[in-house]
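The primary structure of each chain is shown beneath.
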Amino acid sequence: NLDLQLCDLSVLSSVRNLAQILNSKYQKINVLINNASVYKRKRVTTVDGFEEMFATNHLGPFLLTNLLLELLQAGVQENGSAHVLNITAPSTVQLDFNDLQSEKKFNSLTAFGATKMANLLFTFALARRLENTGITVNAIHPGLARSGLLKESFPLLRLFTWLISSPPQKVTENIVQPAMAPAYEQMSGKFLHRGKEIEAPAYAHDHEAQQ
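Being a predicted model, the structure only gives us computed values, none of them experimental. (Residues numbered from 1 in each chain as written. Predicted model: local features only at pLDDT ≥ 70, side-chain atom pairs only at ≥ 80, totals over all residues. Heavy atoms only, no water.)

Undergrad: Explain the sheet that holds strand β1 (residues 31-34) to me, using residue names and the numbers behind them.
TA: Spatial strand order, β1-β2-β3-β4-β5: five strands in an open sheet with mixed pairing. Whereas interior strands pair on both sides, the edge strands pair on one side only; in this sheet they are β1 and β5 (196-197). Note that β1 and strand β2 (residues 82-87) share four bridges and pair parallel. The residue bridging Asn-34 from the neighbouring strand is Asn-86, located in β2. Strands β1, β2, β3 (135-140) and β4 (191-193) of the sheet are contacted by helix α6 (residues 168-180), whose axis makes an angle of about 160° with β2. (Pairing = 2+ DSSP bridges. Helix = DSSP H or I, 4+ residues; strand = E, 2+ residues; numbered from the N terminus. Contact = heavy atoms within 4.5 Å. Axes fitted to C-alpha atoms, helices over the stretch in contact; angles between N-to-C directions.)

Okay, here's the thing in structure tokens:
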């Protein structure tokens, strides 16, 4: 049975509204997959005043995950575990905490990479915070999928990424396996690619940056 609820992850009031709906309709969540992502060629701000990629790719999933922790904990009580999977990439971009919203300097690829690093920092910090609660938190690099994500990128980059990307159905397998297979039930604080752990960039493990 499918139940579609719409949310604009770039707008924090929309995220809070979705969390309220889910908390009122459901008694538990077994798996939360944070998958939404946008790429903007030019700097755009949201109604909340945040740079749109930072808001959509990081702040929205960060807020939603924290607002759904009680439902995830209820999933643990019923099934023994619950899972948060953050879909990201092996970005090496380090966050500039003096210019998180790229107000002083904006480079679209750097700003996008910063959001993917933020996903990794969040994953490892949350996994540590939720240790021994039964809620596991992992990051997944599913590989490049043929989607509209880079529709605003330069034509040559768009063509190149399309050629080396896989159909969404194939990429999805790399997400479903860690979400459902018993072998991953107790695994937490890992970065996975094609079902296997890969090494995240060293900066992603920096506790100060995570905090």
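Undergrad: Go over the packing of aromatic side chains, please, and point to the residues and values.
TA: Enumeration according to the criterion identifies two aromatic pairs in this entry. Relative to Phe-112, the ring of Tyr-39 has its centre 6.0 Å away and its plane inclined at 75°; by these criteria the two rings are edge-to-face. Of this pair, Tyr-39 sits in the loop between β1 and α2 (52-67) while Phe-112 sits in helix α4 (residues 108-129), placing them 73 residues apart in sequence. Residue class for Tyr-39 comes out buried when judged on its relative accessible area of 3%. (Phe/Tyr/Trp six-rings, centres within 6.5 Å; stacked < 30°, edge-to-face > 60°. Buried < 20%, exposed > 50% of the residue type's maximum accessible area, 1.4 Å probe, protein only.)

Undergrad: So what's going on with empty space enclosed by the protein? Residues and values would help.
TA: Inspection of every chain in the model, using the stated rule, returns one cavity of 30 Å³ or more. Counted as a void, the largest cavity has a volume near 60 Å³. Every residue along the wall of the largest cavity is listed here: Asn-34, Asn-35, Ala-36, Asn-57, Pro-61, Asn-86, Ile-87, Lys-116, Asn-119 and Phe-122. If you list the elements that add at least two residues to the lining of the largest cavity, you get α2, β2 and α4. (1 Å grid on protein atoms, 1.4 Å probe; cavity = no way out; pocket = protein on both sides within 12 Å on 5 of 7 lines; lining within 4 Å. Points joined across faces, edges and corners; volume = space filled by probe spheres on them.)

Undergrad: I'd like a rundown of the layout of surface pockets, residues and numbers included.
TA: Estimates place the volume of the second largest pocket at around 580 Å³. Lining the second largest pocket we find 20 residues, and of these Leu-22, Val-31, Leu-32, Ile-33 and Leu-64 sit closest to its centre. Listed by contribution, the elements that provide at least two residues to the lining of the second largest pocket are α1 (12-25), β1 and α2. By residue number, the principal contributor to the lining of the second largest pocket is β1, which donates four residues. For the lining of the second largest pocket, the per-class residue count stands at 14 nonpolar, four polar and two charged. (Nonpolar A, V, L, I, M, F, W, Y, C, P; charged D, E, K, R; others polar.)

Undergrad: Requested: an account of the pattern of salt bridges, with residues and values cited.
TA: Here the structure, examined in full by the defined rule, presents three salt bridges. The residue Lys-28 makes a salt bridge to Glu-78 at a minimum N-O spacing of 3.5 Å. Placement of Lys-28 in the loop between α1 and β1 and of Glu-78 in helix α3 (residues 69-79) is noted, with a sequence separation of 50 residues between them. Residue classification places Lys-28 among the partly exposed positions, given a relative accessible area of 28%. (Salt bridge = Lys/Arg side-chain N within 4 Å of Asp/Glu carboxyl O.)

Undergrad: Just give me the short version of α6, but keep the residues and values in it.
TA: Under the 1.5 Å per step criterion, the end-to-end length of α6 is 18 Å for 13 residues, consistent within 8% with the ideal 18 Å. Asn-174 marks the point of greatest bend in α6, at about 25°, and the proline Pro-178 comes within the next four residues. In this fold, the buried residues of α6 make contact with β1, β2, β3 and β4. (Expected span 1.5 Å × (residues − 1). Bend = angle between axes of the 7 residues up to and from the residue.)

Undergrad: Break down α1 for me, with residues and values.
TA: Residues separated by three or four positions in an α-helix point in the same direction, a consequence of the helix having 3.6 residues per turn. Here α1 spans 20 Å end to end across 14 residues, near enough to the 20 Å set by a 1.5 Å rise per residue. All of the buried residues along α1 are Leu-12, Ser-14, Val-15, Leu-18, Ala-19 and Leu-22. Viewed along the axis of α1, the buried residues span an arc of 155°, placing them on a single side of the element. Residues Gln-20 and Ser-24 are exposed on α1 and point more than 90 degrees away from its buried face. Buried-residue contacts for α1 involve α2 and α3. (Arc of directions from axis to C-beta.)

Undergrad: Could you give an account of the pairing of β3, naming the residues involved and the relevant values?
TA: With six of its six residues buried, β3 lies for the most part within the structure. Side chains Ile-135, Val-137 and Ala-139 of β3 all project onto a buried face; the interleaved residues Thr-136, Asn-138 and Ile-140 project onto the opposite face, where all are buried too. The sheet contact formed by β2 and β3 spans six bridges and is parallel. Pairing of Val-84 across the sheet is with Val-137, part of β3. Taken together, β2, α4 and β3 form a β-α-β motif whose crossover is right-handed. (Right-handed = clockwise from strand over helix to strand, strands pointing away.)

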